Amino acid sequence: MTIDEIVSDSGLERITPGGSSFYASVAASFLGVDVGVISSLGPDYPQATLDWMAKRNIDLSGVQKSNLASARFRLLYKRRSRKVKLLNRGPRISNRAPIGNPDIIHLGPVYHEINLEIIAVARQKCRFLALDVQGMIRRAGSSGRIRLSNRNLDDHLNLCDAVKASREEARVLTSTTDPIRMAVSLLGKGPKFALITLGSKGAVLGFEDGIVKVPAYQETRQSDPTGAGDVMLAGWLVAFWRTMDPAWASAVGSAFASLIVRHSGKAKFRVSRRELFRRAGWIYPRVSIVKGPSR
């Protein structure tokens, strides 16, 4: 989990909780599953945020306390583009983290705080393992500016059931600009599912039955897109585990992502379950096959 400083076009800055594990865990809890978080936080992390999460029945027993300052980023949004600056790397997660034996583990590193050993342990502990590649391929320059750097993640992806990447992250990993080819390339590294998020253009999901295009629900009240990809994946994971229908899971994830862009920070989750599933119902019949299975 991170502390995010968000700067918008207007220059207004707000400090909010962030990180894939924050957004994914709250989204999963909203959908009614038992969820816990493993993260390493410093004394600067707001206790009020932890209390807020605990009230949503998120198990925080895996949150490790450190004397080092928490991971902190500055996110600069300008004309729908985003630049990210690393202000503080934050403490690493111990290899002895109490993972337990959940059905699903989602690994959401933000800046190299987990390693292959942790992934291997997670693989043994759960029935379905998902990985967001974001924090595995980030590199910070001398000023802290984050750039993406190609890295051989074959050993990591081969242990996972699902991988999620943004268009930019997938382009760096696969050396292609076509989302369909991105999905095919990532599937070739071992996971059963590859989710490429495309922002306002939806997503592409690759799996054994082919590649499907998932439309976005066009939300007119967009305020802060931070965390949309994390929420989409969490929605996908929960809905897939309940139904084993990748297309329906994609519709739920896309619908959830469309709702949380309306606000910032914890206010993102002031959403209606009825509206969430109404939007998912609109998206579901519009999920289309763009490439059949390769057999």
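Preceding this section is the structure that the text describes.
Remember, it's a predicted structure, so these values are computed and weren't measured experimentally.

Cut-off values and rules
- Residues numbered from 1 in each chain as written.
- Predicted model: local features only at pLDDT ≥ 70, side-chain atom pairs only at ≥ 80, totals over all residues.
- Heavy atoms only, no water.
- Helix = DSSP H or I, 4+ residues; strand = E, 2+ residues; numbered from the N terminus.
- Rg over C-alpha atoms; globule rule 2.2 N^0.38 Å.
- Buried < 20%, exposed > 50% of the residue type's maximum accessible area, 1.4 Å probe, protein only.
- Contact = heavy atoms within 4.5 Å.
- Areas by Shrake-Rupley, 256 points an atom, 1.4 Å probe, with all protein chains shown as cover.
- Lys, Arg positive; Asp, Glu negative; His and termini not counted.
- Charge placed at Lys NZ, Arg CZ, Asp CG, Glu CD.
- Patch = residues over 30% accessible without salt bridge, like charges linked within 9 Å, V, L, I, M, F, W, Y side chains within 5 Å.
- Salt bridge = Lys/Arg side-chain N within 4 Å of Asp/Glu carboxyl O.
- Pairing = 2+ DSSP bridges.
- Core = buried A, V, L, I, M, F, W, Y, C linked by side-chain atoms within 4.5 Å.
- Expected span 1.5 Å × (residues − 1).

Visitor: Can you help me understand the overall build of the chain in this one?
Guide: From N to C terminus, the chain includes nine helices and 15 strands. A globule of 295 residues ought to have a C-alpha radius of gyration of about 19 Å, and the chain, at 18 Å, matches this closely. Judged by the C-alpha coordinates and their principal axes, the chain covers about 55 × 40 × 40 Å. Taken over 295 residues, the chain has a buried fraction of 54%. A sequence separation of at least 24 residues applies to 63% of the contacts in the chain between residues at least 6 apart. Summed over all atoms, the accessible surface of the chain reaches about 13700 Å², with 48% contributed by carbon and sulfur. The chain carries 44 positive and 25 negative side-chain charges, and their two centres are separated by 5 Å.

Visitor: Help me understand a positive patch on the surface, please; the structure alone is not making it clear to me.
Guide: On the surface, Lys78, Arg79, Lys83, Arg145 and Arg147 cluster together into a positively charged patch. When you line up the elements, lysine 83 lands in strand β6 (residues 81-88).

Visitor: Can you walk me through the pairing of strand β2 (residues 13-18) in this structure?
Guide: On a regular strand, each side chain points to the face opposite its neighbour's, so the side chains alternate between the two faces of the sheet. Where strand β1 (residues 2-7) and β2 come together, six bridges link them in antiparallel fashion. Bridge pairing in β2 places isoleucine 3 opposite proline 17. The hairpin turn running from β1 into β2, its antiparallel successor, is five residues long, and glycine 11 in that turn takes a positive phi close to 90°.

Visitor: For this particular structure, what's the right way to read the nonpolar core?
Guide: One recurring pattern in soluble globular proteins: nonpolar side chains tend to sit buried together. Counting 56 residues, the largest nonpolar core has Met1, Phe22, Met53, Phe193, Trp236, Phe256 and Phe269 as its most contacted members. Sequence-distant contacts of methionine 53, that is, excluding residues within four places in its chain, are made with Met1, Phe22, Ser25, Val37, Ile58 and Leu60. Counting 29 residues, the second-largest nonpolar core is a separate cluster that includes Ile118, Ala183, Leu186 and Ile211.

Visitor: Can you help me understand helix α1 (residues 20-30) in this one?
Guide: Along an α-helix, a turn takes 3.6 residues, which lines up residues three or four apart on a common side. Within α1, ten of the eleven residues are buried, which leaves it mostly tucked inside the rest of the structure. Ser20, Ser21, Phe22, Tyr23, Ala24, Ser25, Val26, Ala27, Ala28 and Ser29 are the residues of α1 that are buried. In the segment just after α1, glycine 32 is the residue with positive phi, at about 90°.

Visitor: What's the story with helix α7 (residues 228-243) in this structure? I'm lost.
Guide: The first and last C-alpha atoms of α7 sit 22 Å apart over 16 residues, in line with the 22 Å expected at 1.5 Å per residue. α7 sits mainly inside the fold: 13 of its 16 residues count as buried. Where α7 terminates, the next one or two residues include methionine 244, which has phi positive at roughly 60°.

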